[in-house]
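These are the residues of each chain, in order.
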Amino acid sequence: PTSLKQRLDKSRQKLGYSLSSLLLGKKEINENLLEELETLLITADVGINTTDKIIKSTRKNASRKTLKNAESLYQFLKDELAKLFIENNQLNISINETFVILVVGVNGAGKTTLIGKLAKSFQNQGKSVMLAAGDTFRAAAIEQLKIWGQRNNIPVVAKTLGADTASVIFDAYQSAQAKNIDILLADTAGRLHTQDNLMQELAKIKRVITKQNINAPHETMLVIDGGSGQNIINQAKEFNKAVNLSGISITKLDGTAKGGGLFSIADELNLPIRYIGIGEGIDDLKIFQPKEFINALFD
Ligand code: GDP
């Protein structure tokens, strides 16, 4: 199997490789080097605010002599970047009752693919799974989920195109509870007539589920396309405002050099990163582990 390192190779070129060639052979940490470092981090999609924070801390530690030379800067940066992630980031699934995962995100982010990968992985762990085809705005999304469910022996609750999403998920939830299903994965629309419409609709879905069970949804997960770059941050904040996110998953990290974006996403949103998608295959999903991710990018 291909290693995480290989899958992240494009981002690795931008971060680890560039950084080692910047620091290799240099001794002193001076303003020149800091400027080059700043440019490098921004180019690697670490984002202006997060880069700023890292440069400041580098400068502070360099002037206090806790950071002595350019060589130790490499490890220092790895440690600083690691601090941006919430350490306890894993989704804690208790199955005393049906655990509801509401999946949100714009069209094409990889929601449906992620739901498929997750369903399969939960099933492999011996858990029972149900899917709710909540993206009633796109016929293809309903079809895709239904076919996928049939193929993998996973029940899918779906209604017709244009049906009320909240009612689809509500029905799925009741059915899942009645059948003692461990985990319900609910898909949602990624685009409506307007962005405002979408946010209102998602907020409504959340209200309807929560009314049924104060704990549900147990996870409200935003799916982000890892190749989208910095403009995704504001969009993610919009989603957070509408539905109060509890976690983020980031897809398509295999095809992009923008993996550095995870640092600013973690920093700016202050939410745990749950899973990362590293390919189109059903098994190309990983539980996000900050240290492993950083090592794959740097070592
Ligand atoms: P949705 O509109 O959010 O439901 O997005 P889809 O799940 O339909 O995914 C959109 C496209 O991205 C599809 O062609 C997927 O195969 C592809 N995709 C999803 N996740 C990944 C990933 O981790 N890596 C790669 N390379 N492609 C992915």
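Per an unreviewed UniProt entry, the protein goes by the name Signal recognition particle receptor FtsY and belongs to Vesicomyosocius okutanii subsp. Calyptogena okutanii. Quoted verbatim from the Catalytic activity (unreviewed entry) field of the UniProt record, the comment on the protein reads "GTP + H2O = GDP + phosphate + H(+)". UniProt lists a comment for the protein under the heading Sequence similarities (unreviewed entry), and it reads "Belongs to the GTP-binding SRP family. FtsY subfamily."

Q: Outline the sheet that holds strand 8 (residues 285-287), listing residues and values.
A: Taken in spatial order, the eight strands make up an open sheet running 3-2-4-1-5-6-7-8, and their pairing is mixed. Looking at the sheet topology across the chains shown, the edges are occupied by strand 3 (156-157) and strand 8. Sheet analysis places strand 5 (residues 219-225) next to strand 6 (residues 247-251), joined by five bridges and oriented parallel. When the sheet's bridge partners are listed, D225 is paired in strand 6 with T251.

Q: Give me the pairing of strand 7 (residues 273-277): which residues, what numbers.
A: Within strand 7, five of the five residues are buried, which leaves the element mostly enclosed by the surrounding structure. Sheet analysis places strand 6 next to strand 7, joined by two bridges and oriented parallel. Looking at strand 7, one finds that I250 is bridged to I276. Following the backbone out of strand 6, through helix 11 (residues 261-269) and into the adjacent parallel strand 7, one traces a crossover that is right-handed. Two strands pair when backbone bridges link them, and strand 7 and strand 8 are joined in this way by three bridges, in the antiparallel orientation. Paired with G277 across the bridge in strand 8 is L285.

Q: Mind laying out the site of the ligand, listing which residues take part and the relevant values?
A: Near the ligand you find 18 residues, and of these G108, T112, T113, D254 and E280 are the closest. In this structure, D254 approaches the ligand through a side-chain N or O atom, which is 2.7 Å from a nitrogen atom. Summarising the interface, the protein chains cover 79% of the accessible area of the ligand, which totals 580 Å² for the free molecule. It is helix 6 (residues 111-124) that provides the largest number of residues to the shell around the ligand, a total of four residues. Residues belonging to the shell around the ligand are distributed by class as follows: three nonpolar, nine polar and six charged.

Q: Explain the UniProt feature "domain: SRP54-type proteins GTP-binding" (unreviewed entry) in the protein to me, and be specific about the residues and the numbers.
A: Within this numbering scheme, the UniProt entry marks residues 272-285 as carrying the feature "domain: SRP54-type proteins GTP-binding" (unreviewed entry). A helix fraction of 0% and a strand fraction of 43% characterise residues 272-285, whose end C-alpha atoms lie 16 Å from each other.

Q: So, helix 11: which residues are in play, and what are the values?
A: With eight of nine residues buried, helix 11 lies mostly within the body of the structure. Those residues of helix 11 that fall on the buried side of the exposure criterion are G261, L262, F263, S264, I265, A266, D267 and L269. With its phi angle positive at about 55°, N270 sits one or two positions after the end of helix 11.

Q: Residue-level account of the packing of aromatic side chains, with values.
A: The full count for this structure, using the stated rule, is six aromatic pairs. An angle of 65° between the planes, with centres 5.0 Å apart, marks the rings of F85 and F288 as edge-to-face. Linking F85 in the loop between helix 5 (70-82) and strand 1 (99-104) with F288 in the loop between strand 8 and helix 12 (290-298), this pair joins segments that are 203 residues apart in sequence. Take F288: its relative accessible area is 1%, and that puts it in the buried class. Seen from their ring centres, F263 and F293 are 5.9 Å apart, and the 50° between their planes marks the pair as tilted. Of this pair, F263 sits in helix 11 while F293 is found in helix 12, placing the two residues 30 residues apart along the sequence. Comparing F263 with F293 shows no difference in burial state: the two are buried. Three or more aromatic residues joined by ring pairs make a cluster, and in this case those are F85, F263, F288 and F293.

Calculation rules
Here, residues in each chain are numbered from 1, in the same order as that chain's written sequence. Residues qualify for local features only when their pLDDT is at least 70, as the model is predicted, and side-chain atom pairs are given and counted only at 80 or more; totals for whole chains, interfaces and linings, by contrast, use all residues. For the side-chain quantities, the full set of heavy atoms in the structure was used; hydrogens and water were omitted. UniProt positions are given in the numbering used here, feature names are shortened, and annotations may be inferred rather than shown by experiment. Each pair of strands is called paired provided DSSP finds at least two bridges between the two strands. In this text, helices come from DSSP runs of H or I with a minimum length of four residues, and strands from runs of E with a minimum of two, each type numbered from the N-terminal end. Any residue under 20% of the maximum accessible area for its type is buried, any over 50% is exposed, and the rest in between are partly exposed; the area is computed with a 1.4 Å probe on protein chains only. Note on handedness: a clockwise path from strand one over the helix to strand two, with the strands aimed away from the viewer, defines a right-handed crossover. Proximity criterion: a residue is near a molecule or strand once any of its heavy atoms comes within 4 Å of it. Pairing of N or O atoms within 3.5 Å defines a polar contact, subject to two protein rules: one partner must be a possible hydrogen donor and the other a possible acceptor, and residues neighboring in sequence count only if both atoms are side-chain atoms. Here, Shrake-Rupley sampling with a 1.4 Å probe gives the accessible areas, and only protein chains in the shown set may cover a residue. Charged residues are taken to be Asp, Glu, Lys and Arg, nonpolar residues to be Ala, Val, Leu, Ile, Met, Phe, Trp, Tyr, Cys and Pro, and polar residues to be all remaining types, Gly included. Between rings of Phe, Tyr and Trp, where Trp is taken as its six-membered ring, a pair exists when centres lie within 6.5 Å; planes separated by under 30 degrees are stacked, by over 60 edge-to-face, and by other angles tilted.

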